[in-house]
Each structure stands twice: as C-alpha cells, then as structure tokens.
There are 2 protein chains.
Amino acid sequence: MTDTPLEPAKATATEDVPVAFQDPMYLAAVFDLLGAIAYGELSAFERLAEDAKMAPGIEDKTELASMASTEFGHFCGLRDRLKEFGAEPFAAMEPFRKPFDAFHARTAPRDWLEGLIKAYVGDGLAADFYREIAAFVDADTRALIIDSLSDAGQSAFVVDRVRKAIEADPRVGGRLALWGRRLMGEALSQAQRVAAERDALSALLAGGVDRPGMDLAAIGRMFTRLTENHAERMALLGLDS
Amino acid sequence: MTDTPLEPAKATATEDVPVAFQDPMYLAAVFDLLGAIAYGELSAFERLAEDAKMAPGIEDKTELASMASTEFGHFCGLRDRLKEFGAEPFAAMEPFRKPFDAFHARTAPRDWLEGLIKAYVGDGLAADFYREIAAFVDADTRALIIDSLSDAGQSAFVVDRVRKAIEADPRVGGRLALWGRRLMGEALSQAQRVAAERDALSALLAGGVDRPGMDLAAIGRMFTRLTENHAERMALLGLDS
C-alpha cells in the first residue's frame, strides 16, 4: 500500500483495489464513508459529554467523559486521513450532519441509564454497519475505519451499570428494552435516508467492474447480521430485544 | 524528589518542603488543590463540549471539542496523581463540585461568542489563580499543576474569532465586555466561597513554620495580578475590561 493513493501511478500498485482511486465515484464513496464516520464520532463525542451530566457521581461522569474523549481521538484520525486524501474534511462531513443530528435529537436520553444504553447500543450498531461497508474499500482505509470503531471502553462499564440497575429494580428492564428497540428503529431510518441521498455510497455497496459488491440478497443478509448483533448486545445488558 | 511522598522517610528527602508531607494539614491542602483543579478541568470539559453545540460550523465545533479533550487529558493526570498520593480522587474532588457547578450554571453562555470568551477568560483566570497557589507546594506537585494549566489551544483561536466578530459588528463589543466582567465577578465570588469553606487550602496560603505563606497584603497583591492579567486578556480580545 502507498501513503498517497491519490496519485494514479502509485494507486495502481495497491493490491485489492487496483484502479479504484482513479475512479471518481470510488473516491467520492470513500470520502462519504470517512466523512460519515467522522461526523458520527464527533456527534458521539458531543452526546456522551452531554449525557455525562446525568451521571450519578463524579466517577461515573468520568467514565462517560473518557469515552467521549476516545471518540474525539478517532474523529481526529479520520479528519487527518481525509486531508491526506486531498479532501476538505469538513465539507466531506457536512452531508451527514443532518441525519446524525436528527438521530440524536430523536433519541435524547431522559436519564442516565437511557444514556448508557444509547452509548453502548448506538455505538455497537454504528460499528457493525461501518465494518460491513469497510469490506468494500482498500486495505489502508479499512484499517483506519476498523481502528476508529474500536470499543471506547463502554462495553464492560455499561453492561455492569445496567445489569445492576435492573437487579435493583427489575421494572426498569421493560422500559429500557423498549428504549433499545426505539434506538434501533431510529438508526435504521436515518441510515436509509443516507443511503437514498448518497449515490456514491450506494454504488460502493453495489460494487463495480473490478470490485465486489452486494446484491439485494446480500444487503438483506447484512441487515440480518446487524439485527442479530443488536439482539446479542441487548441480551448482554439483560434486556429483551 | 520521590515518587511516593507519603512515606515519611522518603518525604523528608524532598528539597523544598522537607517535612511537609508528614503534616496532615499540608497533605489535606494538596488533596484539596489537586481535587479542585481536577474537578475544574472535568467541568471545563463538560462546558466546552456543551458550548461546542453552538458552533456555527463543523470546523469551529471541532476546535472546541479539541479543547475539551485536552482538558480531560489534564483531568486524568491530576486524578492519577491523587491516586499516587493515596487519596481517593473522586472524594477529593467532591467538595468542589458545587462551587464549580454553580459558577457554570450562573455563567451559561447565551451564544457562541459568549462561550468562546468564557473558555478563554475563565480558563486564563483559573490558570493564573492555581499557578499562584502552586508556588506554595512541593516541586513535583507544582510541575503537574503547571502542566495541567497549559493552554488547551484556546488563545489564538478565540482571539481570532472574537476580533473578527467585533470587526463585523462593533456593537457586540459592548455586550461581550459586560460578559467578561460578569465572568470575573462570578469566578471571584466562587473562589471566596471555596476559601471560606476549605481551611486546609487557606492554611496553605497562610504558610507554616517551614513553609513560606502569604499575609493579607500579599493576597491583595495576588488579586491585583489576577485582575491585571484578566484585563490583558480582555484587551487582546479587543474588549474593555
């Protein structure tokens, strides 16, 4: 792999996407993908910092603030990568501002536990989804995406806190299970909106002459996998999905 | 200097505060000082992340998020240092939650520019104040404090944005100057509250048999220095103080 995939002569030397970087549609899709993940990380940072205010104590607040900082670190990596690609990073993120902001506005947690579940379930879902799409890009970009999606530490902490809360008062389980389903529904509806509006991203999924893609059946299987993973996360929290 | 200043035998080997760490009042003051700065950094993180929501665009939002992350990094250093000292770090921060939260509640910025000025002026003031107090602690603790107070990048960015806003509409200058004065007033009133409530901290300032301290005249001179530095920051922003 090369550090400057924008130069055609070098880009043809890449192994898995030989001519991809000469294809403006492919480049547009990669910009979209990195832009979407970057803005997603930035808005995750904002929401985690916001939700930290609901923490019952300073130690719990610190946990959420720490996750927020990790997300911001991921954001910086993606922004720098967009710059390396010659993209204007903030312009690349702009198309995804509305859908992410809409998702967060529609899923503002009403309390600390809802905030924790959103951090865990929302992040997990986003990570699964981007990981699926990352299968269709070059190895360097894929590595950066996978790295950006690493667990910001939420899993163990959130699972512990939520399970304890349900233990203390089993009735909260029902409410939180509903909350988890709502998060999934809102996320899918925003993802659909993005797919409908961003042709290059959709084309990336569909594949090209020299690149594998997904047919409708494969997309269906992907959604099955996403739903299964979501159900697993809910089960780990002790919640029905 | 030693890594475990809590052990008397080693603590006596420190150069500038020979027996300080054997003095429970001194230790209490250091815990208070680190706890106060740590909680201050955590709440600065929260407020910067909150104010980032008012940013006019993604790039400006990123600037504030980046400052917030830097503050959180400082927080982590102070928390770890409190642990090294054998303190329960969150308990050490707890007494400062109310005054900091009260300060932030009373000075919630109404717009992006007020948020920027608060980040710059509030942080500068806090840094000046802690640096003054740090003169009375041992060299290791002092170094950590000075490091925690390093500019999180706000200066150049904030000065640029505020000056441009005043250039575009000189009338905002008057409103923002009032805002700066209000920030200073609220900060001083909370600092006074802390000084009245935390005996160990006040005793640290007053000095001890083996440690230099401040008499009332020296405290007066310190406040003069704080006010002068504040006026300088306001002038740099293009604002009357």
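Residues numbered from 1 in each chain as written. Chains lettered and ligands numbered in written order. Predicted model: local features only at pLDDT ≥ 70, side-chain atom pairs only at ≥ 80, totals over all residues. Heavy atoms only, no water.

Caption draft 1: Spotlight on the interface of chain B and chain A. Listed as interface residues are 23 residues of chain B and, on the opposing side, 23 residues of chain A. For the pair chain B and chain A, the two sides together bury roughly 2,000 Å², of which 71% comes from carbon and sulfur. The largest per-residue losses of area from chain B upon contact with chain A belong to B:Glu46, B:Ile58 and B:Phe90, which jointly make up 29% of the total buried on that side. Taken together, the connections running from chain B to chain A amount to four salt bridges. Residue B:Glu46 pairs with A:Lys61 through a salt bridge whose shortest N-O separation is 3.2 Å. Where chain B touches chain A, the interface holds five residue pairs in polar contact (both at pLDDT 80 or more). Secondary-structure elements contributing two or more residues to the side of chain B that touches chain A are α2 (24-51), α3 (58-84) and α4 (89-93) of chain B. The leading source of residues in the side of chain B that touches chain A is α3(B), at eleven residues. (Contact = heavy atoms within 4.5 Å. Buried area = accessible area lost by both parts, 1.4 Å probe. Salt bridge = Lys/Arg side-chain N within 4 Å of Asp/Glu carboxyl O. Polar contact = N/O pair within 3.5 Å; in protein donor to acceptor, adjacent residues only side chain to side chain. Helix = DSSP H or I, 4+ residues; strand = E, 2+ residues; numbered from the N terminus.)

Caption draft 2: Structural detail: the nonpolar core. Core analysis: the largest hydrophobic core is formed by 154 residues, its most contacted members being A:Leu237 and B:Leu237. If one sorts the elements of this core by residue count, helix α2 (residues 24-52) of chain A sits on top with 16 residues. Beyond its immediate sequence surroundings of up to four residues, B:Leu237 is in contact with B:Ile117, B:Tyr120, B:Val121, B:Val158, B:Val159, B:Val162, B:Arg163 and B:Ile166. (Core = buried A, V, L, I, M, F, W, Y, C linked by side-chain atoms within 4.5 Å. Buried < 20%, exposed > 50% of the residue type's maximum accessible area, 1.4 Å probe, protein only.)

Caption draft 3: The pattern of salt bridges, seen in detail. Evaluated as defined, the whole model comprises 39 salt bridges over all chains. For the salt bridge of A:Arg175 with A:Glu114, the shortest nitrogen-to-oxygen distance reads 3.0 Å. Note that A:Arg175 is positioned in helix α9 (residues 172-197) and A:Glu114 in helix α6 (residues 112-134), a separation of 61 residues in sequence. Look at A:Arg175 and you get partly exposed, because its relative accessible area is 32%. The shortest N-O distance in the salt bridge between B:Asp140 and B:Arg81 comes to 4.0 Å. Placement of the pair is B:Asp140 in helix α7 (residues 139-148) and B:Arg81 in helix α3, with a sequence separation of 59 residues.

Caption draft 4: Fine view of the relation of the copies chain B and chain A. In screw terms, the move from chain B to chain A is a rotation of 180 degrees and a rise of 0.0 Å along the axis, fitting with an RMSD of 0.0 Å. Between the two chains, the operation in question is that of a two-fold axis. Among all residues of chain B, the minimum C-alpha distance to the rotation axis is found for B:Ser69, at 2.7 Å. Mapped onto chain A, 100% of the interface residues of chain B again fall at the interface, so both copies present the same surface. (Least-squares fit on C-alpha atoms with pLDDT ≥ 70 in both.)

Caption draft 5: Structural context of the packing of α2(A) against α6(A). All names here are of chain A. Packing of α2 against α6 brings their axes to within 11 Å, and their N-to-C directions diverge by 170 degrees. Judged by the angle between their axes, α2 and α6 are roughly antiparallel. From α2, Leu 33, Ala 36, Ile 37, Ala 44, Arg 47, Leu 48 and Asp 51 reach across to α6, where they touch Trp 112, Gly 115, Lys 118, Ala 119, Asp 123, Tyr 130 and Ile 133. (Axes fitted to C-alpha atoms, helices over the stretch in contact; angles between N-to-C directions. Parallel < 35°, antiparallel > 145°, perpendicular 65-115°, else oblique.)

Caption draft 6: Representation of the environment of A:Asp111 within the structure. Residues and elements named next belong to chain A. For Asp 111, the location among the structural elements is in the loop between α5 (97-106) and α6. Along the sequence, Asp 111 and Lys 98 sit 13 residues apart, while their C-alpha atoms lie 24 Å from each other. Discounting residues that sit within four places of it in the chain, Asp 111 has contacts with Met 54 and Arg 175. Within the local environment of Asp 111, its side chain forms a polar contact with the side chain of Arg 175, the two groups lying 3.0 Å apart.

Caption draft 7: Spotlight on the packing of aromatic side chains. In the structure shown here, the tally under the stated rule is eleven aromatic pairs over all chains. Pairing A:Phe45 with B:Phe45 gives two aromatic rings, centres 6.1 Å apart and planes at 85 degrees, and the pair type is edge-to-face. On the criterion of chain membership, the pair formed by A:Phe45 in helix α2 and B:Phe45 in helix α2 is interchain, its members lying in two chains. The buried category is assigned to B:Phe45, whose relative accessible area is 0%. (Phe/Tyr/Trp six-rings, centres within 6.5 Å; stacked < 30°, edge-to-face > 60°.)

Caption draft 8: Region of the structure containing the side chain of B:Arg47. All names here are of chain B. Here Arg 47 is to be found in helix α2. One buried charge, Arg 47, has no salt-bridge partner; the nearest side chain with opposite charge is Asp 51, at 4.6 Å. Beyond its immediate chain neighbours, meaning those up to four positions away, Arg 47 contacts His 104, Ala 108, Pro 109 and Lys 118. (Lys, Arg positive; Asp, Glu negative; His and termini not counted.)

Caption draft 9: Region of interest: helix α9 (residues 172-197) of chain B. Residues and elements named next belong to chain B. Taking 1.5 Å per residue, 26 residues should reach 38 Å; α9 reaches 38 Å between its end C-alpha atoms and fits that length. Taken together, the buried positions of α9 are Val 172, Gly 173, Leu 176, Ala 177, Trp 179, Gly 180, Leu 183, Met 184, Glu 186, Ala 187, Gln 190 and Val 194. Residues of α9 that are buried make contact with α5 (97-106), α6 (112-134), α8 (154-168), α10 (199-206) and α11 (216-236). (Expected span 1.5 Å × (residues − 1).)

Caption draft 10: Representation of the environment of A:Leu33. Residues and elements named next belong to chain A. Along the polypeptide, Leu 33 turns up in helix α2. Accessibility expressed as a relative area gives 1% for Leu 33, which makes it buried. Separated by 44 residues in the primary sequence, Leu 33 and Gly 77 have C-alpha atoms spaced 14 Å apart. When residues no more than four places from it in sequence are discounted, the contact partners of Leu 33 are Tyr 130, Ile 133, Val 137, Ile 145, Leu 201 and Leu 204.

Caption draft 11: Up close: the confidence of the model for chain A. Residues and elements named next belong to chain A. For chain A, the average pLDDT comes to 85, and 89% of its residues sit at 70 or higher. Per-element mean pLDDT across chain A ranges from 38 in helix α1 (residues 8-11) up to 96 in helix α4 (residues 89-93). This stretch, residues 1-18, has a pLDDT under 50; its non-local contacts, to residues over four places away or in other chains, come to 30 contacts. In the model output, the complex is listed with pTM 0.82 alongside ipTM 0.79. (pLDDT = per-residue confidence, 0-100.)

Caption draft 12: Representation of the packing of α6(B) against α9(B) in the model. All names here are of chain B. Between α6 and α9, the shortest axis-to-axis distance is 10 Å and the interhelical angle comes to 40 degrees. It follows that α6 is oblique to α9 by the angle criterion. Crossing handedness for the pair α6 and α9: right-handed. From α6, Leu 113, Glu 114, Ile 117, Lys 118, Val 121 and Leu 125 reach across to α9, where they touch Arg 175, Leu 176, Trp 179, Leu 183, Met 184 and Ala 187. Grouping the amino acids of the contact of α6 with α9 by side-chain chemistry returns nine nonpolar, no polar and three charged. (Left-handed = near helix turned anticlockwise from the far one by under 90°. Nonpolar A, V, L, I, M, F, W, Y, C, P; charged D, E, K, R; others polar.)

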